[in-house]
Amino acid sequence: IKFFTKNIQTQLMMFLIIFMEGMFVSHYNLMDIIGNKLNSLLSVLIIIFVFIARTNLVRAASDSLFDLVLIFPFVLALTKLFSFVKNEWLFTFLGKYSTYMWFVHAYFYAYMFFILVIPADQSIFVYLQTVIYSLVTAILLTNLEKVIDKLIFKKNYLMN
């Protein structure tokens, strides 16, 4: 048990296992297979169950073992609930910046938390602030990347 808690149940390992779980679900198309059997009411009930289970089971970051079990039903239920969205502009917009958002969100959450992210009793406000700061930074970084690409392309073009 010490080996498990010391070596396997680290944050990095948990995230890697959750990532592999997502790859497994994607490879076997489980989102569509199971998702087609869900209705909106059952999806809401699953989200409520996951929320209650996670609230009661996870007391510290080291308890992320429970996320291995809870993440798939949560994502499945959310996907089913948002499947009615025909105009996917929001998801397309966020998806365009998602990599940079993923890169910078930990900076705002962990390092700039007390400076920029207003501490609140409600974690949803912390989450929304972190998403907004990460999105703005991602937009700026994407535009900076475009400028750098143009400069490099122009320099390479002039050199040839």
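The structure under discussion appears in the preceding block.
Residues numbered from 1 in each chain as written. Predicted model: local features only at pLDDT ≥ 70, side-chain atom pairs only at ≥ 80, totals over all residues. Heavy atoms only, no water.

A. Representation of the pattern of salt bridges in the model. Counted according to the given criterion, the structure contains one salt bridge. For Asp67, the salt bridge identified is with Arg54, shortest N-O distance 2.7 Å. Placement of the pair is Asp67 in helix α5 (residues 67-81) and Arg54 in helix α4 (residues 40-57), with a sequence separation of 13 residues. Owing to a relative accessible area of 15%, Asp67 belongs among the buried residues under this scheme. On the basis of relative accessibility, which here comes to 37%, the residue Arg54 falls in the partly exposed class. (Salt bridge = Lys/Arg side-chain N within 4 Å of Asp/Glu carboxyl O. Helix = DSSP H or I, 4+ residues; strand = E, 2+ residues; numbered from the N terminus. Buried < 20%, exposed > 50% of the residue type's maximum accessible area, 1.4 Å probe, protein only.)

B. Local environment of α4. With 18 residues, α4 should reach 26 Å at 1.5 Å per residue; the first-to-last C-alpha distance of 25 Å fits that figure. Its buried side turned inward, α4 meets α5. The N-capping residue of α4, defined by a side-chain oxygen 3.3 Å from the backbone nitrogen of Leu41, is Asn39. (Expected span 1.5 Å × (residues − 1). Contact = heavy atoms within 4.5 Å. Polar contact = N/O pair within 3.5 Å; in protein donor to acceptor, adjacent residues only side chain to side chain.)

C. Summary view of the nonpolar core. Of all hydrophobic cores here, the largest spans 10 residues; its members are Val25, Leu38, Ile46, Ile47, Val50, Ala53, Leu70, Phe72, Leu76 and Ala77. Elements with a contribution of two residues or more to this core: α4 and α5. Apart from the residues within four sequence positions on either side, Leu38 is in contact with Ser43, Ile46, Leu76 and Lys80. (Core = buried A, V, L, I, M, F, W, Y, C linked by side-chain atoms within 4.5 Å.)

D. Just unusual backbone geometry, in detail. Its identity is not glycine, yet Asn29 carries a phi of approximately 55°, on the positive side. The topology assignment puts Asn29 in the loop between α2 (11-27) and α3 (30-35). Given the relative accessible area of 38%, Asn29 is considered partly exposed.

E. Representation of the layout of surface pockets within the structure. In this model, the largest pocket occupies a volume close to 2,800 Å³. Lining the largest pocket are 40 residues, with Ile71, Phe74, His105, Tyr127 and Val131 sitting closest to its centre. Of all elements in the fold, only α2, α4, α5, α6 (89-111) and α7 (123-159) reach the threshold of two or more residues within the lining of the largest pocket. A total of 11 residues in the lining of the largest pocket trace back to one element, the largest contributor, which is α6. Across the lining of the largest pocket, the residue classes break down as 27 nonpolar, 11 polar and two charged. (1 Å grid on protein atoms, 1.4 Å probe; cavity = no way out; pocket = protein on both sides within 12 Å on 5 of 7 lines; lining within 4 Å. Points joined across faces, edges and corners; volume = space filled by probe spheres on them. Nonpolar A, V, L, I, M, F, W, Y, C, P; charged D, E, K, R; others polar.)

F. Representation of the packing of α4 against α5 within the structure. The contact between α4 and α5 brings their axes to 9 Å, and the two run at 150°. It follows that α4 is roughly antiparallel to α5 by the angle criterion. The handedness of the crossing between α4 and α5 comes out as left-handed. Counted together, Ser40, Ser43, Val44, Ile46, Ile47, Val50, Ala53 and Arg54 of α4 and Asp67, Leu70, Pro73, Phe74, Ala77, Leu78, Lys80 and Leu81 of α5 form the full contact between these two elements. (Axes fitted to C-alpha atoms, helices over the stretch in contact; angles between N-to-C directions. Parallel < 35°, antiparallel > 145°, perpendicular 65-115°, else oblique. Left-handed = near helix turned anticlockwise from the far one by under 90°.)

G. Local environment of the packing of aromatic side chains. Following the criterion strictly, the structure yields four aromatic pairs and no others. With 4.9 Å between their ring centres and 55° between their planes, Phe24 and Tyr28 make a pair best called tilted. The class for Phe24 is partly exposed, based on a relative accessible area of 48%. On the basis of relative accessible area, Tyr28 is assigned to the partly exposed category, the value being 47%. When the centroid spacing of 6.4 Å and the interplanar angle of 70° are considered together, the rings of Tyr100 and Phe103 count as edge-to-face. Of this pair, Tyr100 and Phe103 are both found in helix α6, three residues apart, which corresponds to roughly one turn of the helix. Residue Phe103 is classed as exposed on the basis of its relative accessible area of 52%. Among the aromatic residues, ring-to-ring pairing joins Tyr100, Trp102 and Phe103 into one connected group. (Phe/Tyr/Trp six-rings, centres within 6.5 Å; stacked < 30°, edge-to-face > 60°.)

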